[in-house]
Amino acid sequence: MLRDKVALVTGASRGIGRQIALTFAGYGASVIVNYNGSKERAQEVVEMITAMGGKAVAVQADVASAEDVGRLFEEAHTAFGRIDILVNNAGITRDNLILKMSEEEFDTVLDTNLKGAFLCMKHAAKIMLRQKGGRIINISSISGIAGNAGQANYCAAKAGLIGLTKSLAKELGSRGITVNAVAPGLIETDMTQKLPEQVKEGMLAQIPLKRAGSVKDIAEAAAFLASDRAAYITGQTLQVNGGMA
Ligand code: NAD
């Protein structure tokens, strides 16, 4: 499905990003595994892809840093000579109620989750415009659609990602580049491990499919949007949430 494609996945050392990297490689893509701090885990993903007979490199970069992102795209382009797919997956939470939320908590989340995607899209767009085609997939969240108490910073960033997605779809569509978002619901990863049991139970009660999602559920949706099968889909947000909203 992704044979001969080159994909760059941000925050790919664990969780959803890791599974997207492995799934894309399984479908034939070469993968740039971006990580911020977890060098060993990123290398492990590279080794797993290599063991599958695929190609991958790990590149360190903090997506919130314009300088790092510039270097990330240079190294990625040098490694494989092209970039066909960008997945903006890197994300963090700094939850707090609005009266307690510090400016730092707000800025840090916006810088990584929203500005990071903007910086990566800017570099990817330049390369994809030259190549006359490409796929950009932004990992948003149900929180960006429905809002969530205690997550104003995260929800604002994830809603902002949907706006970026729609705008870039309009800017880049005429050049064969599609831009879509995936909005996961409750997915079992390190990020949701931190949630109190009571909160998780409350969320599970609202899921018609009666289970939390797996990283594979998200990776398969992203793979579809990255493939030729989704050639006529752009500017959309695919909700993968077990029917939660
Ligand atoms: P996770 O915490 O397991 O993984 C996040 C990854 O992003 C990590 O590898 C981390 O190192 C990386 N990262 C964080 N800051 C970075 C930075 N500045 N530069 C580069 N990499 C950075 O979380 P996850 O659950 O796998 O989440 C992946 C994405 O999916 C996030 O954008 C998250 O907001 C989104 N999401 C997750 C859920 C869920 O239920 N788990 C639901 C909706 C959306």
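Everything quoted here is computed from the prediction, not taken from an experiment.

*Asks:* Please clarify how the site of the ligand should be interpreted in this entry.
*Replies:* Not every one of the 28 residues close to the ligand is listed here, only the nearest: Asp62, Asn89, Tyr154, Ile187 and Thr189. The side chain of arginine 14 places a nitrogen or oxygen atom 2.8 Å from an oxygen atom of the ligand. Within the side chain of tyrosine 154, an N or O atom sits 2.5 Å from an oxygen atom of the ligand. With 3 residues, the single largest contributor to the shell around the ligand is helix α7 (residues 190-193). Here the shell around the ligand is composed, by residue class, of 11 nonpolar, 13 polar and 4 charged.

*Asks:* What exactly am I supposed to notice about a negative patch on the surface here?
*Replies:* Taken together, the side chains of Glu103, Glu104, Asp107 and Asp111 define an acidic patch exposed on the protein surface. As for its placement among the helices and strands, glutamate 103 is situated in helix α4 (residues 103-131). In this structure glutamate 103 comes out as exposed when scored by relative accessible area, which is 65%.

*Asks:* Sorry if this is basic, but what is going on with unusual backbone geometry here?
*Replies:* Excluding glycine, residues mostly carry a negative phi; peptide bonds, for their part, are mostly trans. Of note in this structure, aspartate 4 is not a glycine but carries a positive phi near 70°. Its location among the elements puts aspartate 4 in the segment before β1 (6-9). A positive phi angle, close to 60°, is found at lysine 210, a residue other than glycine. Tracing the backbone through its elements, the reader meets lysine 210 in the loop between α8 (197-205) and α9 (215-226).

*Asks:* Honestly, the nonpolar core in this entry has me stumped. Any pointers?
*Replies:* For soluble globular proteins, nonpolar side chains are generally found buried alongside one another. Counting residues in each nonpolar core, the largest one holds 35 residues, and the members touching the most others are Ile20, Phe24, Val31, Val33, Ile49 and Ile137. Those elements that provide at least two residues to this core are β1, α1 (15-26), β2 (30-35), α2 (39-51), β4 (85-88), β5 (134-139) and α9. If sequence neighbours within four positions are ignored, valine 33 has contacts with Val9, Ala12, Ala21, Ala42, Val45, Val46, Ile49, Ala56, Val57, Ala58 and Val59. Listed in part, the 34 residues of the second largest apolar core include Ile83, Leu86, Val109 and Leu164.

*Asks:* In this structure, what is going on with the sheet that holds strand β7 (residues 237-240)? I would like to understand it.
*Replies:* In sheet architecture, strand pairing relies on hydrogen bonds along the backbone and comes in two forms, parallel and antiparallel. Pairing is parallel in the open sheet, where 7 strands are placed in the order β3-β2-β1-β4-β5-β6-β7. What marks the edges here is a single partner per strand, and that holds for β3 (56-60) and β7. The sheet shows a mean angle of 20° between the axes of neighbouring strands, direction not considered. Alignment of β1 against β4, held across 3 bridges, turns out to be parallel. The partner of leucine 8 across the bridge, within β4, is leucine 86.

About the thresholds
Residues numbered from 1 in each chain as written. Predicted model: local features only at pLDDT ≥ 70, side-chain atom pairs only at ≥ 80, totals over all residues. Heavy atoms only, no water. Near = heavy atom within 4 Å. Polar contact = N/O pair within 3.5 Å; in protein donor to acceptor, adjacent residues only side chain to side chain. Helix = DSSP H or I, 4+ residues; strand = E, 2+ residues; numbered from the N terminus. Nonpolar A, V, L, I, M, F, W, Y, C, P; charged D, E, K, R; others polar. Patch = residues over 30% accessible without salt bridge, like charges linked within 9 Å, V, L, I, M, F, W, Y side chains within 5 Å. Areas by Shrake-Rupley, 256 points an atom, 1.4 Å probe, with all protein chains shown as cover. Salt bridge = Lys/Arg side-chain N within 4 Å of Asp/Glu carboxyl O. Lys, Arg positive; Asp, Glu negative; His and termini not counted. Charge placed at Lys NZ, Arg CZ, Asp CG, Glu CD. Buried < 20%, exposed > 50% of the residue type's maximum accessible area, 1.4 Å probe, protein only. Core = buried A, V, L, I, M, F, W, Y, C linked by side-chain atoms within 4.5 Å. Contact = heavy atoms within 4.5 Å. Pairing = 2+ DSSP bridges. Axes fitted to C-alpha atoms, helices over the stretch in contact; angles between N-to-C directions.

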